[in-house]
Amino acid sequence: MSDVAKAAGVSAATVSRALRGEPGVSEATRQHVSEVARRMRYAIARDASSLAGGRRYAIAVVTAEVNPVLAGAEGALRAAGYDVLLYVLGTEDARAKFFGEMPLGRRVDGVLLLSMTLDDAERAALTALEIPYLTVDDTDLRHALQTAVEHLLLLGHEDVALVLADGVDESYDEILVAAGLTVRPEWTVWCSPTVDGGEQVVDVLLDGERLPTAVISSNGAAAVGIYLRMQRDGRAVPDELSIVSLDGQELTRVVGLTAVEGAAKQQGERAVADLFTLIRGERVEPAEHAVTLVVRNSSGPVG
């Protein structure tokens, strides 16, 4: 640290504050010190830093499922230099064991809970740790689905299939029913959150009595798979099938799919920012997170 301080022309204390993201350092100085440290291949020793300042630079992420919100949160934590302790509690037994044993101890600076509604006992177990925690629900994804449904209704679609990535709650089809859309059992399809998974969805839909006029996919990669398979089979998009993704990832933009932007990945990133605010001892202000429909080439009027 003293070598970096000498090269940057600042004190060792300034280097320490700048690289830890602590207050008392201007943004210009922070960037200058970070660049000097990068050139000198210097990195904070996390163990020593924990002993000196009480920070562990680790966050526990606890989730009931692997989903795009997790991807956004994990990426934001890594970018901030934090280690991630991931706990996927996909069963009741796993959940009971985690909250019963509470393996976190004092190993982390905070806890991020995704797609989980805590009961009183679980909340008490977390509170007893005396570290900040933040819960994130799936309201943004439901808002995204509602936005996609309204878009397709305006285009005249009534027969809409819903493609859900593994781990997404099937109750999402209730939003389609409430909007007056035709919902057939074979038109609610689960798949892996991959391009291959999306391609296999087309096989399932083709096995049905008839094709829907539109598909809404909760996952961007799966939406791309549906699009590529339709193209390969010589079926026109959107003339024969409109496709809307609820996951506005880069791949959907490259292919040109209509997508709802800001629903999942950005939700995870925002949750991390809010958790950091709590760790600093500051209050988190509730904010309305708007999603935006970006219309591209994959959706159009009913043919």
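Reading the values: rules and limits
- Residues numbered from 1 in each chain as written.
- Predicted model: local features only at pLDDT ≥ 70, side-chain atom pairs only at ≥ 80, totals over all residues.
- Heavy atoms only, no water.
- Helix = DSSP H or I, 4+ residues; strand = E, 2+ residues; numbered from the N terminus.
- Buried < 20%, exposed > 50% of the residue type's maximum accessible area, 1.4 Å probe, protein only.
- Contact = heavy atoms within 4.5 Å.
- Phe/Tyr/Trp six-rings, centres within 6.5 Å; stacked < 30°, edge-to-face > 60°.
- Lys NZ or Arg CZ within 6 Å of the ring centre and 35° of its normal.

Visitor: Where do I start with the environment of Tyr133 in this structure?
Guide: Here Tyr133 lies in strand E4 (residues 133–136). In this structure Tyr133 comes out as partly exposed when scored by relative accessible area, which is 23%. Distance in space between the C-alpha atoms of Tyr133 and Gly90 is 20 Å, their sequence separation being 43 residues. For Tyr133, the residues in contact, after removing those within four places along its chain, are Val111, Leu113, Leu118, Arg123, Leu126, Thr127, Leu275 and Leu278.

Visitor: Looking at this structure, how should I read the packing of aromatic side chains?
Guide: Aromatic ring pairs are described here by two measures, namely the spacing of the ring centres and the angle between the planes. Following the criterion strictly, the structure yields four aromatic pairs and no others. Between the aromatic rings of Phe98 and Phe99, the centroid separation amounts to 5.1 Å while the plane-to-plane angle is 90 degrees, which identifies the pairing as edge-to-face. There is no split in this pair, since Phe98 and Phe99 are both buried. Put simply, the rings of Tyr57, Tyr82 and Phe276 pair up and form one aromatic cluster. The ring of Tyr172 has Arg142 sitting right over it, with the charged end atom 4.3 Å from the ring centre. Above the ring of Trp187, the side-chain terminus of Arg184 is found at 5.2 Å from the ring centroid.

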